[in-house]
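Structural overview for review
So the chains spell out like this:
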Amino acid sequence: MGDAEAIDYEVEYNNRARVPENPQIMAGWASDAASYRERHAPRRLAYGPGSRNTIDLFEAGGGGAVVVFIHGGYWQALDGSSFSHCARGLNAHGIDVAVPTYDLCPQVTIDAVIRQMRAAMQELARLGRPLVVSGHSAGGHLAACMLATDWPALDPSLPKDLVRAAYGISGLYELAPLVGTSINKALQLDASAARAASPLFWTPPATGSLDAVVGAKESAEYLRQSRTIVERWGEAGVASRFDTVPDANHFTAIAPLADPNSSMVQRLKALAGC
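To keep things clear, this report deals only with the structure shown in the data block. (Residues numbered from 1 in each chain as written. Predicted model: local features only at pLDDT ≥ 70, side-chain atom pairs only at ≥ 80, totals over all residues. Heavy atoms only, no water.)

1. Quick notes on the overall build of the protein
Helices and strands together make up the secondary structure of the protein, namely 12 helices and eight strands. Whereas a compact globule of 274 residues would reach a radius of gyration of roughly 19 Å, the protein reaches 17 Å, a difference of no more than 12%. If you line up the protein on its principal axes, its C-alpha atoms span 55 × 45 × 35 Å. Within the span of the protein, comprising 274 residues, buried residues form 54% of the whole. Of the roughly 11,200 Å² of accessible surface on the protein, 50% is carried by carbon and sulfur atoms. Computed over 23 positive and 28 negative side-chain charges, the inter-centroid distance for the protein is 5 Å. (Helix = DSSP H or I, 4+ residues; strand = E, 2+ residues; numbered from the N terminus. Rg over C-alpha atoms; globule rule 2.2 N^0.38 Å. Buried < 20%, exposed > 50% of the residue type's maximum accessible area, 1.4 Å probe, protein only. Areas by Shrake-Rupley, 256 points an atom, 1.4 Å probe, with all protein chains shown as cover. Lys, Arg positive; Asp, Glu negative; His and termini not counted. Charge placed at Lys NZ, Arg CZ, Asp CG, Glu CD.)

Below, the structure is given as C-alpha cells:
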C-alpha cells in the first residue's frame, strides 16, 4: 500500500507534460492524415444521429477482416480525421481499415463512448466480415472493451466472435488511477464508475485474442497497465501478448501503423488472417 501511495499518477499519466514536443507530433498527424485522405478518399458511414457518430472506411479491395483503428485523446479530445494515415500500412496489403469518431467527455460519459463504439461495430457488422479492433491510448481501452463485449446479448443476429482480436497500443485498462488526476476533470469519474469502465475487471472474452503494446519510453504505469491485462486475461485463457515499440513515447507509438513493412502492421495483418 505504501508503494501505491508513493506513485504520482499525475506525472505517470499526463502524457502531454511528459512529452513536451507533443504539439508538433500531433500537427504531423493532422498533416499526414489530410494528405492520405486526399489520395485515398474514405467511404463515410454513420452509426448514429450525431455529427461525430461516423466511420471513415478506407477500402483497399480486400475481402477478409476489417481492421478498426479507434483514436485516443483521453476520451476528451481529437477525432478520427487526425488518424487517416494510420490506414496506410494495412491498406498497402489490401486490408480495409475503419476509423470511427465518437463524442467526447464531458459532453458524454466514458460509458456512453463505449456504447457508441459498440454501435459502430454493429454498423461495421453489416459488411459481413469479422473485425480486428486496434486503438491508441483511450482507443486501446475501447478496443479491449469491444473484444470483451457479449455481442449476441446486444443483438442475437451478431456472432459472438464479431471482434476476432483486439490490438491495444498504449492502452488504459484500469481507470482508477486517473480519478485523482487533472485528466479526470472532463471524465468526471468516481471510484465506482472508474471500475465499471475498466475492462481489466470485466469478464474476460470467451473468444479472440489480445495484444497489448506500449512504447518502450512510456511511463511505468503504462507498461504496468498493458502487462497486467495480458496477465489477467491470459490466466483466464485468452490468447494474450505483451510487446513494446522500441524507442517510442506515447505519441510516437502509433507511427508504425503507417509503415507497410513494420512489425506492427505485419502483426495486424496476421490477426486479420491475411
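There is more to say after this.
2. Side note on the packing of aromatic side chains
Tallying each qualifying case throughout the model produces seven aromatic pairs. Taken together, the ring pairs in this structure connect Trp29, Phe69, Phe83 and Phe251 into an aromatic cluster. (Phe/Tyr/Trp six-rings, centres within 6.5 Å; stacked < 30°, edge-to-face > 60°.)

3. Some remarks on unusual backbone geometry
In this structure, the amide linkage connecting cysteine 105 to the following residue, proline 106, adopts the cis form with an omega of 10°. Tracing the backbone shows proline 106 in the loop between strand 4 (97-100) and helix 6 (110-125). One non-glycine residue with positive phi stands out, namely tryptophan 75, at about 60°. Looking at the element boundaries, tryptophan 75 is found in the loop between strand 3 (66-70) and helix 5 (88-91).

4. Thoughts on the layout of surface pockets
Roughly 260 Å³ of volume is contained in the largest pocket. Contributing to the lining of the largest pocket are 19 residues, with Asn15, Arg16, Gly73, Tyr74 and Phe251 lying nearest its centre. Listed by contribution, the elements that provide at least two residues to the lining of the largest pocket are helix 3 (15-18) and helix 4 (22-39). For the lining of the largest pocket, the residue count by class is nine nonpolar, nine polar and one charged. (1 Å grid on protein atoms, 1.4 Å probe; cavity = no way out; pocket = protein on both sides within 12 Å on 5 of 7 lines; lining within 4 Å. Points joined across faces, edges and corners; volume = space filled by probe spheres on them. Nonpolar A, V, L, I, M, F, W, Y, C, P; charged D, E, K, R; others polar.)

5. A closer look at the side chain of histidine 250
Relative to the assigned elements, histidine 250 resides in the loop between strand 8 (239-245) and helix 12 (263-271). Judged by its relative accessible area of 4%, histidine 250 is buried. Engagement of the side chain of histidine 250 in a polar contact is seen with the side chain of glutamate 218, the distance being 2.7 Å. Those residues within four positions of histidine 250 in sequence are excluded, and the remaining contacts are Asn15, His136, Ser137, Ser170, Glu218 and Tyr222. (Polar contact = N/O pair within 3.5 Å; in protein donor to acceptor, adjacent residues only side chain to side chain. Contact = heavy atoms within 4.5 Å.)

6. Things to note about the nonpolar core
Residues Trp75 and Met121 are the most contacted members of the largest nonpolar core, which totals 59 residues. Of all elements in the fold, only strand 2 (54-58), strand 3, helix 6, strand 5 (131-136), helix 7 (138-147), strand 6 (163-169), strand 7 (209-215) and helix 11 (220-235) reach the threshold of two or more residues within this core. Of all the elements, helix 6 adds the most residues to this core, at nine residues. Setting aside anything within four residues of it in sequence, one finds methionine 121 in contact with Val68, Leu131, Val133, Met146, Trp151 and Leu162. Residues Ala87, Leu257, Leu271 and Ala272 belong to the second largest nonpolar core, which totals 32 residues. (Core = buried A, V, L, I, M, F, W, Y, C linked by side-chain atoms within 4.5 Å.)

7. Quick look at the environment of lysine 217
With respect to the element layout, lysine 217 can be found in the loop between strand 7 and helix 11. Considered as a pair, lysine 217 and phenylalanine 83 are 134 residues apart in the sequence and their alpha carbons are 22 Å apart. Not counting residues within four places of it along the chain, the set of residues in contact with lysine 217 comprises Arg18, Asp247, Ala248 and Asn249.

8. Thoughts on helix 7
For an α-helix, 3.6 residues make a turn, and residues three or four places apart therefore share a direction. Of all 10 residues making up helix 7, 10 are buried, and the element is well covered by its neighbours. Among the residues making up helix 7, those that are buried are Ala138, Gly139, Gly140, His141, Leu142, Ala143, Ala144, Cys145, Met146 and Leu147.

9. Observations regarding the pattern of salt bridges
For the structure on display, the rule yields nine salt bridges. With its nearest N and O atoms 2.8 Å apart, the salt bridge here joins arginine 267 to aspartate 211. Here arginine 267 is found in helix 12, whereas its partner aspartate 211 is found in strand 7, with 56 residues between them in sequence. Note on aspartate 211: relative accessible area 3%, which makes it buried. (Salt bridge = Lys/Arg side-chain N within 4 Å of Asp/Glu carboxyl O.)

10. Let's talk about the sheet that holds strand 2
As a general point, the strands of a sheet are linked pairwise by backbone hydrogen bonds and lie either parallel or antiparallel. Strands sit in the order 1-2-4-3-5-6-7-8 across an open sheet of eight strands; the sheet is mixed. Whereas interior strands pair on both sides, the edge strands pair on one side only; in this sheet they are strand 1 (43-46) and strand 8. When strand polarity is set aside, the average angle formed by the axes of neighbouring strands in this sheet is 20°. Where strand 2 lies against strand 4, four bridges are found, and the strand directions are antiparallel. Bridging from a neighbouring strand, isoleucine 55 pairs with proline 100 of strand 4. Lying over the sheet, helix 11 contacts strand 7 and strand 8, oriented at roughly 165° with respect to strand 7. (Pairing = 2+ DSSP bridges. Axes fitted to C-alpha atoms, helices over the stretch in contact; angles between N-to-C directions.)

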